[in-house]
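# Breakdown of the fold
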Amino acid sequence: MRVITGCARGVLLDTLPGAATRPTVERVKEAMFSAIQFEVPGRRVLDLFAGSGQLGIEALSRGAVHADFVDSSKEAAAVITGNLRRCGLADRADVFCRDWQSQLAGATKPYDLVLLDPPYGKGLCEAAIQELIRRGLLSDNAIVVCETGDKENLPERIGELTATRAARYGTIRLTTYREGQP
C-alpha cells in the first residue's frame, strides 16, 4: 500500500498484521480521490475508523491542511503515527486512540472532508454521519465519503446530506454525500 500522489507520493505505508483491519484497496482509493481531487486542498479532514491512516494521509499528501485520525486500537494508532512520520506529515495531524462516539462527543471544530471506512455490515457509516450532523461537526459544503460492503445500502439522504455519487468496485461500495440536492 502506497500514497498515490501529492507531497508523499510513492511512500509505502505500514498496515496492521492479520485480518482485524481491512485496508482500502488501491483502485478503490484512486476512485475515491479522483472524484474529489480538486476539492481536497485546504480542507480539514476526519479519518474515522482510520486503521492504517491511508485515507487521511492521502488527503494530507494532496493538500489538506489538517487531519484527525481516529481508531480504537492502540496498535492502529501506533501504525498511523509511524506512517505520518514516514510521510513527513505528522505536524499536520492528530491521532486519537478512542472509539468514534467518544471522539465526536469531544470534538469542537467542524470538518470539511470526512472519510469513513468502518467495519462492514454494522451500520456505522450512517450512525457516524447522523452523529456528525447532530453535533454540528460538518462545515458548510462538507464532503463525506463512505466505504461499505457492496451489500450495504446507505440512504439517499441523511439529514441535509444527499448521496451525490455511489459506485461499486467488486465487493466494495463508495458513497459520497454532500449538503443539498445532487
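Provided above is the structure to which this section pertains.
Source: prediction; values computed, not measured.

## A short note on the nonpolar core
Judged by nonpolar contacts, the single largest core of 32 residues is most densely connected at Phe69 and Leu113. By residue number, the principal contributor to this core is helix α1 (residues 26-36), which donates five residues.

## Some points on helix α2 (residues 54-61)
Taking burial as the measure, the eight residues of α2 include eight buried ones, the bulk of the element. Within the sequence span of α2, burial applies to Gln54, Leu55, Gly56, Ile57, Glu58, Ala59, Leu60 and Ser61.

## Considerations on α1
Among the residues making up α1, those that are buried are Val28, Lys29, Ala31, Met32, Phe33 and Ile36. As for α1, its buried residues are in contact with α2, β4 (111-116), β5 (138-149), β7 (161-169) and β8 (172-179).

## What about the sheet that holds strand β6 (residues 157-158)?
If you walk across this open sheet you meet the eight strands as β3-β2-β1-β4-β5-β8-β7-β6, and the pairing is mixed. Two strands close off the open sheet at either side, each with one partner strand: β3 (93-97) and β6. Inspection of the sheet shows strand β1 (residues 44-48) paired to β4 by four bridges, in the parallel sense. Across the sheet, the residue bridging to Asp47 is Leu115, located in β4.

## With respect to the packing of α1 against α2
Packing of α1 against α2 leaves a shortest axis separation of 11 Å and a crossing angle of 45°. What the angle tells us is that α1 and α2 run oblique. Crossing handedness for the pair α1 and α2: right-handed. Between α1 and α2, the contacting residues are Lys29, Met32 and Phe33 on the first element and Gln54, Leu55, Glu58 and Ala59 on the second.

## Considerations on unusual backbone geometry
In this structure, Phe49 is a non-glycine residue whose phi angle is positive, near 60°. Mapped onto the secondary structure, Phe49 falls in the loop between β1 and α2. The phi dihedral of Asn141 falls on the positive side, at around 65°, and the residue is not glycine. Tracing the chain through its elements places Asn141 in strand β5.

## Here's the deal with the environment of Val70
The residue Val70 is located in strand β2 (residues 66-71) in this model. The exposure class assigned to Val70 is buried, which follows from its relative accessible area of 1%. Measuring from C-alpha to C-alpha, the distance between Val70 and Val28 comes to 21 Å, with 42 residues separating the pair along the chain. Setting aside residues up to four positions removed in sequence, Val70 forms contacts with Leu46, Asp47, Leu48, Phe49, Ala50, Phe96, Arg98, Asp99, Trp100 and Gln103.

Cut-offs applied
Residues numbered from 1 in each chain as written. Predicted model: local features only at pLDDT ≥ 70, side-chain atom pairs only at ≥ 80, totals over all residues. Heavy atoms only, no water. Core = buried A, V, L, I, M, F, W, Y, C linked by side-chain atoms within 4.5 Å. Buried < 20%, exposed > 50% of the residue type's maximum accessible area, 1.4 Å probe, protein only. Helix = DSSP H or I, 4+ residues; strand = E, 2+ residues; numbered from the N terminus. Contact = heavy atoms within 4.5 Å. Pairing = 2+ DSSP bridges. Axes fitted to C-alpha atoms, helices over the stretch in contact; angles between N-to-C directions. Parallel < 35°, antiparallel > 145°, perpendicular 65-115°, else oblique. Left-handed = near helix turned anticlockwise from the far one by under 90°.

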